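Here is how the chains run, residue by residue.
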Amino acid sequence: ALTEYGKSRRLQSQSSYWKKTADRYDPLPADKSYTGLLRAKDMSTHSMRLGTAQTRLLLQEVPRVYHTEINDILLCALAITICQWASTQKTIIGLEGHGREHIADGIDTSRTVGWFTNIYPVLLEVSIDKGLGDAIKAVKEQLRKVPDKGLGYGVLKYINKAAGLAGRPCWDIVFNYLGQVDNVVSSGKWLAAAGESRGNSSGEGQAVNDQLAVNGVVQGGELALNWSYSTLHYDKETILNLVESYQSNLEALIGHCIQQKANVYTPSDYGLGLEVS
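Residues numbered from 1 in each chain as written. Predicted model: local features only at pLDDT ≥ 70, side-chain atom pairs only at ≥ 80, totals over all residues. Heavy atoms only, no water.

### Description of the overall build of the protein chain
Check the secondary structure of the protein chain and you find 10 helices and 8 strands. Overall size of the protein chain, expressed as C-alpha extent along the three principal axes, is 50 × 50 × 50 Å. Expressed as a percentage of the 277 residues in the protein chain, the buried residues total 39%. Surface summary for the protein chain: the accessible area is close to 15,200 Å², and the carbon and sulfur share equals 50%. Distance from the positive charge centre (28 side chains) to the negative charge centre (29 side chains) of the protein chain: 4 Å. (Helix = DSSP H or I, 4+ residues; strand = E, 2+ residues; numbered from the N terminus. Buried < 20%, exposed > 50% of the residue type's maximum accessible area, 1.4 Å probe, protein only. Areas by Shrake-Rupley, 256 points an atom, 1.4 Å probe, with all protein chains shown as cover. Lys, Arg positive; Asp, Glu negative; His and termini not counted. Charge placed at Lys NZ, Arg CZ, Asp CG, Glu CD.)

### Quick notes on the side chain of K140
Along the polypeptide, K140 turns up in helix α7 (residues 132-144). The exposure class of K140 is buried, given its relative accessible area of 1%. A distance of 2.8 Å separates the side chain of K140 from the side chain of T266, its partner in a polar contact. Excluding residues that lie within four positions of it along the chain, K140 makes contacts with Y66, H67, T68, D72, T266, S268 and D269. (Polar contact = N/O pair within 3.5 Å; in protein donor to acceptor, adjacent residues only side chain to side chain. Contact = heavy atoms within 4.5 Å.)

### What about the layout of surface pockets?
Here the largest pocket defines a volume of roughly 1,700 Å³. Lining the largest pocket are 40 residues, with R198, S201, N215, N226 and S228 positioned closest to its centre. Ranked by residues supplied to the lining of the largest pocket, first place goes to strand β2 (residues 43-50) with 6 residues. For the lining of the largest pocket, the per-class residue count stands at 15 nonpolar, 19 polar and 6 charged. A volume near 930 Å³ is recorded for the second largest pocket. Together, 43 residues line the second largest pocket, and I119, Y153, Y158, P169 and W171 are the ones closest to its centre. Only β4 (118-125) and α8 (151-159) provide two or more residues apiece to the lining of the second largest pocket. Grouping the amino acids of the lining of the second largest pocket by side-chain chemistry returns 23 nonpolar, 13 polar and 7 charged. (1 Å grid on protein atoms, 1.4 Å probe; cavity = no way out; pocket = protein on both sides within 12 Å on 5 of 7 lines; lining within 4 Å. Points joined across faces, edges and corners; volume = space filled by probe spheres on them. Nonpolar A, V, L, I, M, F, W, Y, C, P; charged D, E, K, R; others polar.)

### Observations concerning the confidence of the model for the protein chain
Chain-level statistics for the protein chain give a pLDDT mean of 92 and a share of 98% at 70 or above. Model confidence for the protein chain, summarised as mean pLDDT per element, is weakest for helix α9 (residues 182-186) at 70 and strongest for helix α10 (residues 236-259) at 98. (pLDDT = per-residue confidence, 0-100.)

### Digging into the environment of I70
Within the secondary structure, I70 is located in helix α6 (residues 70-86). I70 gets classed as buried once you look at its relative accessible area, which sits at 14%. In this structure, the C-alpha to C-alpha distance between I70 and L58, residues 12 residues apart in sequence, is 7.0 Å. Those residues within four positions of I70 in sequence are excluded, and the remaining contacts are L58, L59 and Y177.

### Here we look at α10
Residues three or four positions apart in an α-helix share a direction because the helix packs 3.6 residues into each turn. Spanning 24 residues, α10 covers 35 Å between terminal C-alpha atoms, matching the ideal 34 Å at 1.5 Å per step. T238, I239, L242, V243, Y246, N249, L250, L253, I254, H256 and C257 are the residues of α10 that are buried. (Expected span 1.5 Å × (residues − 1).)

### Topic: unusual backbone geometry
With a phi angle near 55 degrees, H67 is a residue other than glycine that sits in the positive phi range. Mapped onto the elements of the fold, H67 is located in the loop between α5 (63-66) and α6. For H67, a relative accessible area of 26% corresponds to the partly exposed category.

### So, the pairing of strand β3 (residues 90-97)
Of all 8 residues in β3, 7 are buried; the element is thus mostly enclosed. Looking at chain direction, β3 and β4 are connected through 8 bridges and run antiparallel. For G94, the partnering residue across the bridge sits in β4 and is P121. (Pairing = 2+ DSSP bridges.)

### Some thoughts on the state of the cysteines
Across all of its chains, the model carries 0 disulfides by this definition. With no disulfide partner, C76 has as its closest neighbouring cysteine sulfur the one in C257, 8.6 Å distant. For C76, a relative accessible area of 0% translates into the label buried. Not engaged in a disulfide, the cysteine C170 finds its nearest cysteine sulfur in C83; these two sulfurs lie 16 Å apart. (Disulfide = S-S within 2.5 Å.)

Set out below in structure tokens:
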């Protein structure tokens, strides 16, 4: 099905979109210069949590203001944080998705187990000087313009071998929000979260693609974000400052939305995301 999708006019029309996105890549700042292979043993992790009160607002109150999803707000905070750190107004983030988009009739993914993960670049441009409201609207609309939720990028790059997309990925940081695992364990009486550590999920020699990765999940009523980083590129102090800045920006976005009196609609709410910029 992916091969047939790769031959379709629907996908071919996306080629220029992905090439233009890849061409906008600029490397993120780093404390150390390293161009070799990264392995699991070279990575470290710092975790942050958003309290239950703020998480509840993020999940229940914030979305109604700008008609957003949680990913819009989390990525807006990340884009602002990176732009402040790198002294820029744009950044490319590798966005991880579940990869189960509908591309053909007769493909039933409900009878499968495992991950169909797709990762694709998202160019986010934010002008911090214009205010938090404009930043939220800008990120929301840019995310809505991603064709087929990013599935076409991998097909063009790895199956079609499209010129202009070859080589290493065009991002230095990957983001993945896994959702609310509380919903899984609270919906029945048979499953609960284990309290003990699961241990390492990969061997120390496992190759790692990204020098920065942010993985988020809502568990125990709190948003938890794990920031994995390459110790061959970054000092611990740099990451701690980055995480602190992110949490501050995220809380500022939540506070901004809670203070708004009226709901705000944007072009994608009317199906005009591609026609109106």
